[in-house]
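Tertiary structure, described
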There are 2 protein chains.
Amino acid sequence: MAHFAYYSEENYLKALYKLEQKGTRKLTNAALSKMLDLNPATVLEMVRKLEARELVSLLPDRSIQLTNTGRQKALVIIRKHRLWEVFLVDKLHYNWNEVHELAEQLEHIESADLVDRLETFLGFPAFDPHGDPIPDKEGHLKVLQSIPVTDCTPGKNYLVQHFAETSDAFLDYLQQVQVKPGIRLQVNGINAFDRSFNVSVGKRNMVISEKVAANILVLPEGANQ
Amino acid sequence: MAHFAYYSEENYLKALYKLEQKGTRKLTNAALSKMLDLNPATVLEMVRKLEARELVSLLPDRSIQLTNTGRQKALVIIRKHRLWEVFLVDKLHYNWNEVHELAEQLEHIESADLVDRLETFLGFPAFDPHGDPIPDKEGHLKVLQSIPVTDCTPGKNYLVQHFAETSDAFLDYLQQVQVKPGIRLQVNGINAFDRSFNVSVGKRNMVISEKVAANILVLPEGANQ
DNA sequence: ATCATTTATTTGGTATCCCAAATAAATGAT
DNA sequence: ATCATTTATTTGGGATACCAAATAAATGAT
C-alpha cells in the first residue's frame, strides 16, 4: 500500500469527466486549471503524467481527452462520491448541502468492495441526495429506462428497479411492505380522490400513496437489461 | 483545505501512543522506525517536525515523548479508527479481522463532527470489534468503572452507560425494549433456572437473558462520572 | 577500558504535487 | 496582416515524505 494513492489523479479525472459532461467540446489546459483551481503549469505536468498512464490522450490540437480507461476510472470515483453522499445524508442525517466536502475525502478510500457493501447497506440507491444518478459497480452510468410507478401503464408488468428516495423512513416502509429491487409490480388503478395507487406487488395487492409511487422506479418487464 | 492533511503525522502519533501503552518506558527512534517500518533517517526527520509542532518532546537522553497535545491527538485518531471499525463490522458486515486496513484509511478523514455522528449512528459503542475501548469525543479514554449487568448488586441503582456488543440485532433489540444510555436500571433478581435477569429499566420491569445482561454496561448511580 | 554492536544522525537523493515568472505559441479583433 | 490578448509551455523552486549509505555516538559485553 503505497503511502500515496494518487489522490490527485482521481481529482483530475473527475474534473475532466465533469467538463466532458458539461458539453465542453474542447477540454483545454486552461479550463481544467480553472476547474481545479491550480496553476496551468501544474496541470500541464499532471496531464502529461496521466497521458503516460494512458488515462487521457493529448490530441494534436492540444486538447485533452479522457481515454475509455480514464473515463471509467472517473465514473468509479463518482460512484464512490455519490454513495458516500447518500450515506452521510440518509444515515448520519447531514443536510444534502453539507456533504460534498466530506464525500470529496471519502471517495478516495481505496478498497475492492467497500463501496459495493455500502451500496447494499444503503439499499441500492439510484440517485445521490442531489438527484444525480449513481454509476453501477462497473462504472457504467446506464441511462436506465426506469420510470416512476406514477408513469406506469395500468395492467402492464414491471420490475422494481430502484428507488429515488433513500431515507431511513422510506426504506423502512419498503421493507415493511416487502418491496425490493427485482420484484414484479403492476398498477391496477388510481384512486381519483387522493391519487393513491392500487398495485400488485409480487403476489399481493396493496395501496400506495402517490408519493411512494413516485419514488419507486420500475422497468417494463422484458426490457433489454 | 491543504491537499495533504498530515496523513503521516497522525500515523506517527498513533504509533507513539501504542508504544507508550505497550509499556515501553523509553520511546526510541529505533523502536518507532521498526513499528512504522520506515527508515530511521525518515523517522528522525519527522520526529523533529513533530517536536516543532509541539506534539512530542525530545528528551536529553534522546527519547521521544508525546506531549499532552500529541497524546490527545493520538487518542482522537484511535477514536476514529475504532468507530470506523465498528461501522465496517456492524453495518457492512465485514469480519472483525478484515477491517484494520480500511480503518487505517478512514481514520484520516477530517471533519469536525463526522465521527461524532457516526458514534451516534452506531449507538455509542464502548468497544471496537476487537474489544478495545473507544475514546470519547474529547479524546479521553476514561477507564470507566462500568460493569455488565451480570455483575450488578440486586436492589442497587445503576445508569446504563453503553454496550459491549453493537450488532444490528442487539441494537434493534435494545431499541425495541427502549434501553439506551442514561436510563436507570436495577436488578431485581436472577432466575436460577436459566440465569435470566429480572430488571427494572426506567419505570418498566422486564426479563433479559444472561447474554443481554452481559452486554449492557452500567455505572452505579451517583458514581463520579 | 576496549572493541563490537547497536542506535542516532548526517548527507545526498527520489517521487508526488504544487507554484511563480518568463517565454513561446496560438487566437481574435480590427 | 498586425497587435493584443489569451493559452500553452518551460524553467527554476518549494513542501512533504520517503530512502540508502556513510558517519558519529552511545551501549554492552568481556
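One numbering rule holds for all chains: residues counted from 1, following each sequence as written. Think of it this way: whatever chain is written first is A, whatever ligand is written first is 1, and the rest follow in order. Local features are withheld for residues below a pLDDT of 70 in this predicted model, meaning they are given only at 70 or higher, and side-chain atom pairs are given and counted only at 80 or more; totals for whole chains, interfaces and linings count all residues. As a rule here, side-chain values cover all heavy atoms of the structure and leave hydrogens and water aside.

The name that an unreviewed UniProt entry assigns to chain A is Transcriptional regulator MntR, with the source organism given as Cnuella takakiae. In the Subcellular location (unreviewed entry) part of its UniProt record, chain A is described as follows: "Cytoplasm". For chain A, the Sequence similarities (unreviewed entry) comment in UniProt is given as "Belongs to the DtxR/MntR family." UniProt positions are given in the numbering used here, feature names are shortened, and annotations may be inferred rather than shown by experiment.

Observations concerning the side chain of Thr67 of chain B
All names here are of chain B. On the secondary structure map, Thr67 appears in the loop between β2 (64–66) and α4 (68–90). In the analysis that follows, any N or O atom pair within 3.5 Å is treated as a polar contact, provided that within protein one partner can donate a hydrogen and the other can accept it, and provided that, for residues neighboring in sequence, both atoms belong to side chains. One polar contact links the side chain of Thr67 to the main-chain amide nitrogen of Gly70, over a distance of 3.0 Å. Not counting the four nearest positions on each side in its chain, Thr67 is found in contact with Glu54, Leu55, Val56 and Ser57. Labels follow the DSSP assignment, with helices taken as runs of H or I lasting at least four residues and strands as runs of E lasting at least two, numbered in each case from the N terminus. By definition, residues are in contact when any of their heavy atoms lie within 4.5 Å.

A short note on the relation of the copies chain A and chain B
Least squares is used to superpose the copies, and the fit set is the C-alpha atoms of residues whose pLDDT is at least 70 in both copies. Once chain A is rotated about the relating axis by 179 degrees and shifted along it by 0.1 Å, it coincides with chain B to within an RMSD of 0.2 Å. What the rotation and shift describe, once combined, is the action of a two-fold rotation axis. Among all residues of chain A, the minimum C-alpha distance to the rotation axis is found for Leu106 of chain A, at 3.8 Å.

Description of the protein's contact with DNA strand D
The full set close to DNA strand D counts 21 residues, and Ala30, Leu44 and Arg48 of chain A together with Asn39 and Thr42 of chain B are the nearest of them. Only heavy atoms are used to decide nearness, and a residue is near a molecule or strand if one of them lies within 4 Å of it. Within 4 Å of the protein, the contacting atoms of DNA strand D are 75% sugar and phosphate, with bases supplying the remainder. In the environment of DNA strand D, a phosphate oxygen lies 2.6 Å from a nitrogen or oxygen atom belonging to the backbone of Ala30 of chain A. Side-chain polar atom of Thr42 of chain B to a phosphate oxygen of DNA strand D: 2.8 Å apart, as the coordinates give it. Its residues placed into classes, the surface near DNA strand D shows 10 nonpolar, six polar and five charged. Put simply, Ala, Val, Leu, Ile, Met, Phe, Trp, Tyr, Cys and Pro go in the nonpolar bin, Asp, Glu, Lys and Arg in the charged bin, and everything else, Gly too, in the polar bin.

With respect to the side chain of Asp116 of chain B
All names here are of chain B. Within the secondary structure, Asp116 sits in helix α6 (residues 114–121). Judged by its relative accessible area of 18%, Asp116 falls in the buried class. Within polar-contact distance, the side chain of Asp116 engages the side chain of Arg79 at 2.7 Å. With sequence-adjacent residues up to four places away left out, Asp116 is seen in contact with Arg79 and Lys137. When a residue's accessible area, from a 1.4 Å probe over protein chains only, is under 20% of the maximum for its type it is buried; when over 50% it is exposed; and in between it is partly exposed.

A closer look at the interface of chain A and chain B
Taken together, the contacts link 26 residues of chain A with 26 residues of chain B. Buried area: the accessible area, evaluated with a 1.4 Å probe, that two parts lose upon being put together, summed over both parts. With both sides pooled, the region where chain A packs onto chain B buries about 2,200 Å², and carbon together with sulfur makes up 67% of that total. By salt bridge we mean one thing: a side-chain nitrogen of Lys or Arg within 4 Å of a carboxyl oxygen of Asp or Glu. Applying the counting criterion to the chain A and chain B interface returns zero salt bridges. Looking at the side of chain A that touches chain B, the elements with two or more residues in it are α1 (7–21), α4 (68–91), α5 (100–106) and α6 (114–121) of chain A.

Considerations on the environment of Pro181 of chain B
Mapped onto the elements, Pro181 of chain B comes out in the loop between α7 (168–176) and β5 (184–190). Apart from the residues within four sequence positions on either side, Pro181 of chain B is in contact with Val160, Gln161 and Phe163 of chain B.

Remarks on α4 of chain B
Structurally, the α-helix is built with 3.6 residues per turn, so residues lying three or four positions apart point the same way. An ideal rise of 1.5 Å per residue puts 33 Å on 23 residues; α4 of chain B measures up with 32 Å between its terminal C-alpha atoms. For α4 of chain B, the buried fraction is high: 17 of the 23 residues fall into the buried class. Each helix should span, by expectation, one fewer than its residue count multiplied by 1.5 Å.

Remarks on the packing of aromatic side chains
The rule is short: rings of Phe, Tyr and Trp, with Trp giving its six-membered ring, pair when the centres are within 6.5 Å, and they are stacked under 30 degrees, edge-to-face over 60, tilted in between. One pass over the structure, following the stated rule, counts nine aromatic pairs over all chains. Taking 6.1 Å as the distance between ring centres and 90 degrees as the angle between the ring planes, the aromatic pair formed by Trp84 of chain A and Trp84 of chain B counts as edge-to-face. Placement of Trp84 of chain A in helix α4 and of Trp84 of chain B in helix α4 is noted, with the two residues assigned to different chains. No difference in accessibility class separates Trp84 of chain A from Trp84 of chain B, as the two residues are buried.

Observations regarding the pairing of strand β6 (residues 197–201) of chain A
Residue and element names in this part refer to chain A. Counting buried positions along β6 gives four out of five residues, so the element sits mostly inside the fold. If you look at the hairpin formed by strand β5 (residues 184–190) and β6, you'll find six residues sitting between the two strands, and Arg195 has a positive phi there, around 55 degrees. Sheet topology note: the β6/strand β7 (residues 204–208) ladder contains five bridges and is antiparallel. Following the sheet pairing, Val201 is matched in β7 by Arg204. At least two bridges found by DSSP between two strands is the condition for calling them paired.

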